[in-house]
Structures are given as structure tokens and as C-alpha cells.
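If you want the building blocks of each chain, they are given just below.
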Amino acid sequence: MEYRYAIILYLVNQFRGERTISGIYHLLKGKKSSQSIQDSFLFHVEPFFHSCEDLDRRDFKALIDECMSRRWISSPEQDSQRFVLSSEGERVFSRLDGHLLTPEGLNFTEQVNEESRFWLKLQLMVQTLSALLYHQRAFLPITRQPSVTESVRRCIMEASLGRSKLAAYFYRELVYFLQRCPASEAELLTAQLTGYKMSGLTVKQIAELTGKDEYECRILFKSALRRLMREIAEFPNYYPYTGRLLIVKKSALSLSAEETLKLIRSGLSLHEVAKKRRLSQSTVEDHLVEIALKDRTIDMSNYLSDRLEKQILEAASEAKTKQLKPIKKLLLDRASYFQIRLALAKEAVRRGEDPNGTTDE
Amino acid sequence: MGRLMNDHESDLIAQARDILKKKFGYDQFRSGQQQVIQEVLSGHDVFAMMPTGSGKSICYEVPGYLLEGIVLIISPLLSLMEDQVNQLREIGEKNVRALNGLMHPEERSRVLAHLRDIRFLFISPEMLRQHSVLTALSRVKLSLFVVDEAHCVSQWGHDFRPDYLYLAEIRSHLGNPACLAVTATADERVREDIVRSLDLRAVNYVLMSVDRRNIALAVHKVKSSEEKIEELCKLLSKVQLPGIVYCAGRDWTEKIADIIRQKLGLRTAFYHGGMEAVDRRKIQNQFLDGQLDLLCCTNAFGMGINKPDIRLVVHFHFPATMNAYLQEIGRASRDGKQGLAILYYAEQDEHYPLGFIDANFPDDTLLRQVLRELDQGLLKLEKKETFLTSLQDRGASETAARFIFENVRFVTRGMNYSSIFEECRKKITERRSVQLNELSMMKRYLNSTTCRRAFYLSVYNESQSEKLDLCCDQCGLSLEAFERACPQTSDVHPEQTLDWHQRLATIFRESERDI
Ligand SMILES: [Zn+2]
């Protein structure tokens, strides 16, 4: 089965009809909304968050339509955008090898917020170095994003060694990394790089050239990129130059959530943080949910008592859903939406980390 | 043309020729260039109409080395600006910079802090209206005020830019340096508009023919899309490449690229506005670097693209104006060698340009609703981009959104927005009818039974000087003259290798050392 069908069946199965098809699209695109981020944890599909950032909405829609016309997925309610696997879909899906869906590197999501920018910087750096090596006086840069251009410029200016030396180091570091990378991933990453008289290929072009599935190409590439970012974070000594393009963050929190966390640690209440940062209360709540998802060491008992947390989880399992509304109703409104989200988030983290907790029952 | 040169002038021209040889490597000026340069060097305001591919940038680049001060070039398009900066860098000019909205603020202030070292400064009209920029510029000497794509100043032009309307005022603020207004095509009405709006005085006109004599023209009438594709494949299997195929929509570009790749094995890619910026840039670079034989694209591709050896321009769908058509075929054979422009025409294609024209303006319902919401304070004008986006979210095209913005921004306090509804509608009707006229001109070209070249020249009040051997399908055109030497390219192209080590080594020039 082609990868693109497999990934859709897999995600539909994980989402269990609790999110619309847009939810899957936003997950793959990596929409920076708390809903998408939270969903990726709730349904245990974090590796796929931001895995196909260049996905076109129309292409995605066509793929969903195709899965429908093959009767692999169906909508339990009429005219609904929520889908589950049909019995035929389940049959096909059960024969799939789940491991092949997720190359190892895809799981290294700790720098997911940085990966687009890092990739642009890397491409521009390689293009610039290649132009320098071939004495090309002018070239059309792969990106004009000011922050990217500026940081690559600074990186070249600050390197005290000569430019051809700098290029040689970059080359050596990249080779060192790529040799450790599965060949198909190394191929996908390198084929996209642009150099003198050798413009990089788009993912679509690579898919055509190799006869591979386009979605698979995207995933393999992301796996390679995330491997590289993890290598840099773990072994900075091996990547003194490539490492300069990556600001390694200790936590995977978004900048804004980190700011909120800092204030909360200084003793401010949720309400005070919102007021101080001129954010809405719900935005700050989003931050807390994000924090709960990404850092289980933070104490949340100020917002959610153990007792209420337990009740929420019981209600969730009784209602057999992760949708907030039915849970809230079952609890006769004793918990706020925020508290329910928080409880579900903590539960998702627990289950994700518990080796005995299975993700599919 | 007729005027005799005095000694001083002939001396200047001799110097200019010297620069042309030394800096640009050409022995002689192309037609039109010398006249423009001569007028510019004498300090006159000049209006120059020079067709795409006639080397108009030489006209301000050469004076840049002879006059004292900065040559300021106002350019409406980022891609255009980028390309021109690159071309100057390629000949070794280091003192060339660009100022546009996409730059990092730090880089912008670096440029402004070192204005005195700059010889050529490219700038977007929006940037020129910024106070800090204008102040910095008023402190240095400007030798020449170049308005590129000058037709953008005219409401009648096909590409009106409201920011161009302030150029006359800005120029006078900067001490009225001599002005060179350049455009590829402009009919008489647009020309008058430009001269008036830019406040050009005692202006010298240099009007070159729009005729691109080295591009042969043909129109093929067909019944259906299937027939078009069949004809296109036949053509592409024979004629010289690289080439461009212009299509009306992104789906078509993808579809045709797919068919050509599979049927003919040509290195083919597609390009349209719906693609990610990085992907667009990659495809563009591939085409410029000769990694592609054929590019299927929408009209989003082309501005600021400088590839001299494009041999073929195909129109799979026809554009809405003669002007756009000439611009697009003008991308062929800028190196002066023989090129070919083929247009496939099926009656039913008309709905594409008609659709474009409709999309240029808001419909009554949207217009009325937007004005009402402005009155109620539900929509706000403070942030231009936010306003434009919110209109686009309601289904307006970018041009339509801009149209509304340009009309409501002048509504003064205390005035009712809804009160300009009729006025807007009148403007829409007016502009629409201009565009429909242009479309009917285009259709007359397609259906004409006489020489195609004579037809388009007559649109610009020109006549043909002499008959060409390879003129057009009406004059008789055999495709044999355009056939490529070996019909099937089967060489291995190094840029297509997927072996990562080999690829990386080439990029880093390591293959030349030993590994
Ligand atoms: Zn003719």
C-alpha cells in the first residue's frame, strides 16, 4: 500500500472520529495553535506534528476523497467531517506494519518549533558557501526571509577562519552526519540542497525521480532533519559550525509559553499573568496546557486538584471520548473546559510515557 | 535621431562607449541605447519606451559610471530589483544596493548609513515614502532619478501602482535630479499620463519599436484541449528548447508538465503562485541554470527573469491583453538569436481572461458590504495588510482588495464611506470597459487573417519596415527552421543525481579535490 494511504488510515484510526479532517490537516501542517499541539499529544501522534509543512490543502482533500471512494474511511454521522475506519479500512490497516510508518528520526520532536527556520538557514548557508567556493559573484538566494538572511550573514562574518575553510568544515560535518543517517533519508535531505549550478529539487520532484510516494518523501526528509537537530543538541562538539545555525533550546515550549511559565514561577496567578502580558485568560490557559504536555515536572495542583482530575478522567472513560463537551456535561459542570483539557493533557503524557500503557486498545 | 552632437556631447558618448566595453564587455550600443544615454548625460528628462529584451538597464547603468552621485532606480517588483542587483554584481560592481520592505531593519540601516559609497540604489516606491529614507537621501547627491516600469504611474496602464503617484513630489523634495522614465510598452494615452504625473519637463522622447524581429509568431486554432495537448507534444518533440508554456491556471501547469514529462521525457517542471516560496525559487533557479527543458507556468512567472536563451514561448491559453502577450513572448531569445512564439487558441478559452477581468474588481454586494462595515467601524483601515487580508478572506482577489483600499483611503473624517459607492461603481465600469476593449483587441489578433506582426505593430501605431523571412503563420512559416539538432536529449545531467555524497561533493567543490 502506498505510504500516503497508510498515513491517512493511521491518523484516522488514532483520531477515532473525534476531530474533523481539518484536525489531521493542521496536525500535518504543524499549525501553531494550542489545539493542534494538544491534539498531537492527546491522540499520540506527536511525531506527525509539522511533518508535512508544505502540504497543499487541495492535494490533501483529494487524498481524503480517494480514501473515501475506496471505502476505507467513512463518516459515522451524515455530512460530517469526522471520519473513522470502515471495516474494510480496518482490515487493510491491520495488515500494515506500523513501524514502517514512523522512521526513527520523526520521533525527535523536541526542537519542532525551530525546524523550519533551521532548515532554511542550512539551505541558505550551503548555497552561499557553494557560491563562494565557485567564485559566483551573485546568486538568487533560496529565501529572502530577513531573519534567516541576517543570521546566516552573521554566522559567516563571525567565523574567524577563511571562507573556504569554513566551507570545508561544513562539508565535513554534513558528511559525518549523513553517513550515520539511513541512506534514503540522507538522499532526501541532500537532494533538496542548492549549490552552484545545482539547484535543489523540490520534494515533489524527488518523489517523481525516485518513484517514491510524495508523503513518504516528506516524512523521510523530516526524519533526517530531526536527526540532525538532535545530533547537534547532543553532540555539539561534533558540529561546531552547523551548530551555529541552531539555537538549541532546553525545553520544547513555545517562546510565549515559556514567558508565561517564568511569571507563574515567580508567583503570579493565572489572572495576573494575563493582565501583565496583556493576553486573554484563555491564551494563558493554552500555555498551561502546553506546559503540562511538555514538562510533567511542573505542579498544576493550583489549577486542578487531584480529586477533580480523577473525576474528569473517570468521566472521560465513561463517555469514551476526548471531546470536552460531553465530559463537561457528565460532570454537571463541576469542571471548567480548562481543567478538563489540563486533566486530559496530563493523562496523555502519563500514557505516552508508561511502557505498559498501550495506545490502542 | 536627427539632432547633431556638439563636441562635448560626442566626447561624452565616447566615454560612454568606453565604459560599455570595459564594464559590460559590449563593443557597441544597441539601437536606442545611445540616444537615451546621450540625453541622460546632458541632464535632460527622458521618456524611453524600449521593448523587453532591448537592454534598457544599460541606459542608466552606463551613466552611473560617468555622472557624479547616486543613480536611484525606482522599481515596483522585488524580483525585478533582485535580478538587476545581481546583474550588476556579476559584472563586478560592488556599490550596488537595494532597499525594500522585505529587508531586515538592520540591513536597511546599514544601507542608509553608507549611502555615500553607493553607485546604484534600487528602491521600492513604498520604501521611498518612508521619512527616514527620504531624509537620508536628501542629504546625498543624486545623479539620476530612474523610474523603471513607468507605466505603473498611469491609471490606464495595466499595472497601476498608487505609490507611483507620489514620485513627482518626492523627486522635487530630492532637489529635482534628472529623470529617466522607462517602460516596455505604453500607448499614447499612457505616455501622456506618465509625463504629466512625473512632472517631466522639456522631456525628450526615445520611442523604440515594440517589434521583436527575431521572434516568429504563430496562432494555432484548435477545437479542444485534447487537440491542444496533441499539437503541443508534436511541437515539443521537434523544436529548439528551453521553452516556457503559459497556462491560465495552476492545475493546467501541473497537468501539462506531467504529460510532457511522461510522453516526451523532457526535463519539465511547473511553476505557479500557489507553491511555497522556497519551491518557487528552486524551480526558477533550475530553469535559469539550464536544468530544465521546459517550464509550464502561470503568468506569475517571468517578471525579472533574465534568461537570454529561451527559444520558445507557448501560450496554452491566451492572455487578456496584447500588452501582456507581448511582454510574455518578449522573454524569448533575448540574446538576439531566432525564437518562436506559438499560441493555441480554442473558442472556449475566452472564459479565462474574462474571469481574470471580473476578479479584478469587487462585485456590488461585496463593495456595499465593505463600505457599510467601514461606516459601522466593524472594518478598520489602520493596518493596510490586515484590511487587505480580511477582504481576501471574504473571497475578493488581491487586485479587487487593493481597488477598494485605494478608493476608501481618501474618504475624510466625517464623510460616509457608503457615499462613495456610486463613484466606485462608475470607476469599475470605466476600467472594466477599458479591459474588455483590450481583450477584444487580443481576440482580433487571434482571428486576424493578415500578418500577425503588422497587426500588433498597428496597435502601437507603428508600421513594418521590411518583410522578415521568419515572420508569422499568415506570412507562411515552416517549423523546420526551429528544429533542434538531436531531438531526444538522453545525456545524464549531473544535477539530477540523487547520490548524496556525490551531490554534496559537487556543491562544496570537493570532487575537484581528492576525497
Ligand atoms: Zn507576418
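Position numbers for residues start from 1 in each chain and track the written sequence from start to end. To label them, take the chains in the order written and letter them from A, then take the ligands in the order written and number them from 1. Predicted model: local features are reported for residues with pLDDT of at least 70 only, side-chain atom pairs are reported and counted for 80 or more only, and whole-chain, interface and lining totals are derived from all residues. Think of the side-chain values as coming from all heavy atoms in the structure, minus any hydrogens and water.

As recorded in an unreviewed UniProt entry, chain B goes by ATP-dependent DNA helicase RecQ and comes from Sporolactobacillus laevolacticus DSM 442.

As recorded by an unreviewed UniProt entry, chain A carries the name Helicase Helix-turn-helix domain-containing protein and is attributed to Sporolactobacillus laevolacticus DSM 442.

*Asks:* Would you take a moment to explain the overall build of chain A for this structure?
*Replies:* Tallying secondary structure elements over chain A gives 18 helices and two strands in all. For the radius of gyration, the atoms used are the C-alpha atoms, and the globule rule reads 2.2 Å times the number of residues raised to 0.38. Computed over the C-alpha atoms, the radius of gyration of chain A is 23 Å, within 12% of the 21 Å expected from 2.2 N^0.38 for a compact globule of 361 residues. Taken along its principal axes, the extent of the C-alpha atoms in chain A is 70 × 55 × 35 Å. In chain A, buried positions account for 52% of the 361 residues. Residues count as neighbours in contact if any of their non-hydrogen atoms are within 4.5 Å of one another. Restricting the contact set of chain A to residue pairs at least 6 apart, pairs at least 24 apart contribute 67%. The Shrake-Rupley method, run with a 1.4 Å probe sphere, supplies the accessible areas, and residue values consider only the shown protein chains as cover. Carbon and sulfur atoms make up 49% of the accessible area of chain A, which amounts to about 17200 Å² in all. Residues scored as positive are Lys and Arg, those scored as negative are Asp and Glu, and His as well as the terminal groups of each chain are ignored. One atom stands in for each charge, and that atom is NZ of Lys, CZ of Arg, CG of Asp or CD of Glu. Here chain A carries 55 positive and 48 negative side-chain charges, and the mean point of each set is 5 Å from the other. Under the scheme used here, helices are H or I runs from DSSP no shorter than 4 residues and strands are E runs no shorter than 2 residues, and both carry numbers assigned from the N terminus. Only protein chains enter the area calculation, which uses a 1.4 Å probe; residues under 20% of their type maximum are buried, those over 50% are exposed, and those in between are partly exposed.

*Asks:* What should I look at first to understand the coordination of the zinc ion in this one?
*Replies:* In a perfect tetrahedron of four donors around a metal, the angles come out at 109.5 degrees. In a perfect octahedron of six, they are 90 or 180 degrees. All names here are of chain B. Of the protein atoms, only Cys451 (SG), Cys471 (SG), Cys472 (SG) and Cys475 (SG) coordinate the zinc ion, at distances of 2.3 to 2.4 Å. For Na, K and Ca the donor cutoff is 3.2 Å, while for all other metals N, O and S atoms must lie within 2.8 Å; water is not among the atoms, so some sites may look incomplete. Within one chain, the residues donating to the zinc ion are spaced in sequence as C-x19-C-C-x2-C. Owing to a relative accessible area of 34%, cysteine 475 belongs among the partly exposed residues under this scheme.

*Asks:* Got a minute to help me understand the UniProt feature "domain: Helicase Helix-turn-helix" (unreviewed entry) in chain A in this structure?
*Replies:* Annotation from UniProt places "domain: Helicase Helix-turn-helix" (unreviewed entry) at residues 256-344 of chain A. Across residues 256-344 of chain A one finds 69% helix and 0% strand; the C-alpha atoms that close the span lie 22 Å apart. UniProt positions are given in the numbering used here, feature names are shortened, and annotations may be inferred rather than shown by experiment.

*Asks:* Could you clarify how one ought to interpret the UniProt feature "domain: Helicase C-terminal" (unreviewed entry) in chain B in this entry?
*Replies:* The feature "domain: Helicase C-terminal" (unreviewed entry), as given by UniProt, occupies residues 231-392 of chain B in the numbering adopted here. Secondary structure across residues 231-392 of chain B comprises 44% helix and 14% strand; the distance between its end C-alpha atoms is 38 Å.

*Asks:* Would you mind going over the confidence of the model for chain B with me for this structure?
*Replies:* Note that predicted coordinates carrying low pLDDT should not be read in detail. What pLDDT conveys is the predictor's confidence in a given residue, as a value from 0 to 100. Summary statistics for chain B give a mean pLDDT of 89 and a share of 95% for residues scoring 70 or more. The ipTM value of the predicted complex is 0.80, and its pTM value is 0.82.

*Asks:* Can you walk me through the domain arrangement of chain A in this structure?
*Replies:* All names here are of chain A. Entries for chain A in the domain assignment read domain 1 (3-102), domain 2 (115-245) and domain 3 (255-350). The gap between the C-alpha centroids of domain 1 and domain 2 is 30 Å. With 16 residues of domain 1 at the contact, the number on the domain 2 side is 11 residues. Note on domain 1 versus domain 2: buried area summed over both sides is about 1200 Å², and carbon and sulfur give 50% of it. The term buried area refers to how much accessible surface (probe radius 1.4 Å) is lost by two components on association, counted for both of them together. Three residues, Tyr3, His50 and Ser51, lead the burial of domain 1 against domain 2; their summed loss comes to 36% of the area buried on that side. What makes a salt bridge here is a side-chain nitrogen of Lys or Arg within 4 Å of a carboxyl oxygen of Asp or Glu, nothing more. Inspection of the domain 1/domain 2 interface yields four salt bridges. In this structure, the salt-bridge partner of lysine 204 is aspartate 59, at a minimum N-O distance of 3.3 Å. Two N or O atoms form a polar contact when they lie within 3.5 Å of each other; inside protein one atom must be a possible hydrogen donor and the other a possible acceptor, and for residues adjacent in sequence the pair counts only when both atoms belong to side chains. For the pair domain 1 and domain 2, the number of links is 10 residue pairs in polar contact (both at pLDDT 80 or more). For the domain bounds, the source is a domain assignment made automatically or taken from a database.

*Asks:* Is there a simple way to explain the interface of chain B and chain A in this structure?
*Replies:* How big an interface is tends to be reported as the loss of accessible area on association of its parts. Listed as interface residues are 51 residues of chain B and, on the opposing side, 54 residues of chain A. Taking both partners together, chain B and chain A bury about 4700 Å²; carbon and sulfur atoms supply 58% of that area. For chain B, the biggest contributors to the area lost against chain A are B:Leu498, B:Trp500 and B:Phe508; these three give 17% of the whole. Our enumeration of links across chain B and chain A arrives at six salt bridges. Between B:Arg250 and A:Asp56 there is a salt bridge, with its nearest N and O atoms 3.1 Å apart. Counting the contacts that link chain B with chain A gives 19 residue pairs in polar contact (both at pLDDT 80 or more). Broken down by secondary-structure element, the contributors of at least two residues to the side of chain B that touches chain A are helix 4 (78-90), helix 5 (105-113), helix 11 (250-264), strand 10 (268-271), helix 12 (277-288) and helix 20 (500-507) of chain B. For the side of chain B that touches chain A, the per-class residue count stands at 17 nonpolar, 13 polar and 21 charged. Throughout this entry, Asp, Glu, Lys and Arg are counted as charged residues, while Ala, Val, Leu, Ile, Met, Phe, Trp, Tyr, Cys and Pro are counted as nonpolar. The remaining residues, Gly among them, count as polar.

*Asks:* Is there a simple way to explain unusual backbone geometry in this structure?
*Replies:* Cis geometry is found at the peptide bond from B:Leu241 to B:Pro242, where omega equals 5 degrees. Positive phi, normally seen in glycine, also occurs at A:His135, with a value near 55 degrees. With respect to the secondary-structure elements, A:His135 resides in the loop between helix 7 (115-133) and helix 8 (146-158). Of note, the phi angle at A:Asp333 is positive, near 60 degrees, even though the residue is not glycine. We classify A:Asp333 as exposed; its relative accessible area is 53%.

*Asks:* I'm lost on the side chain of A:Ser36 in this one. Help?
*Replies:* All names here are of chain A. When you line up the elements, serine 36 lands in helix 3 (residues 34-42). Using a relative accessible area of 5% as the deciding quantity, one classes serine 36 as buried. Setting aside chain neighbours within four positions, we find serine 36 in contact with His26, Leu27, Lys31 and Phe49.

*Asks:* Looking at this structure, how should I read helix 9 (residues 163-179) of chain A?
*Replies:* Given 3.6 residues per turn, any residue in an α-helix points the same way as the ones three and four places further on. Helix span, as expected, comes to 1.5 Å for every residue beyond the first. Helix length check: helix 9 of chain A (17 residues) gives 24 Å between terminal C-alpha atoms against 24 Å at 1.5 Å per residue, within 8%. Buried residues of helix 9 of chain A: A:Leu166, A:Ala167, A:Ala168, A:Phe170, A:Tyr171, A:Glu173, A:Leu174, A:Val175, A:Phe177 and A:Leu178, and no others. Buried residues along helix 9 of chain A sit against helix 7, helix 8, helix 10 (183-191) and helix 12 (214-234) of chain A together with helix 20 of chain B.

*Asks:* What should I look at first to understand the sheet that holds strand 5 (residues 142-147) of chain B in this one?
*Replies:* Two modes of strand pairing occur in sheets, parallel and antiparallel, and in both the strands are linked by backbone hydrogen bonds. All names here are of chain B. Pairing within the open sheet is parallel, and its seven strands lie in the order 3-4-2-5-6-1-7. Where the open sheet ends on each side, the last strands, each with one partner, are strand 3 (96-99) and strand 7 (204-207). Each strand axis lies, on average, 15 degrees off the axis of its neighbour in the sheet, ignoring direction. Here, any two strands with at least 2 DSSP bridges between them count as paired. In this sheet, strand 5 lies alongside strand 2 (residues 70-74) in parallel orientation, the contact comprising five bridges. Note on geometry: axes are lines fitted to C-alpha atoms, helical ones only across the stretch in contact, with angles between N-to-C directions running from 0 to 180 degrees.

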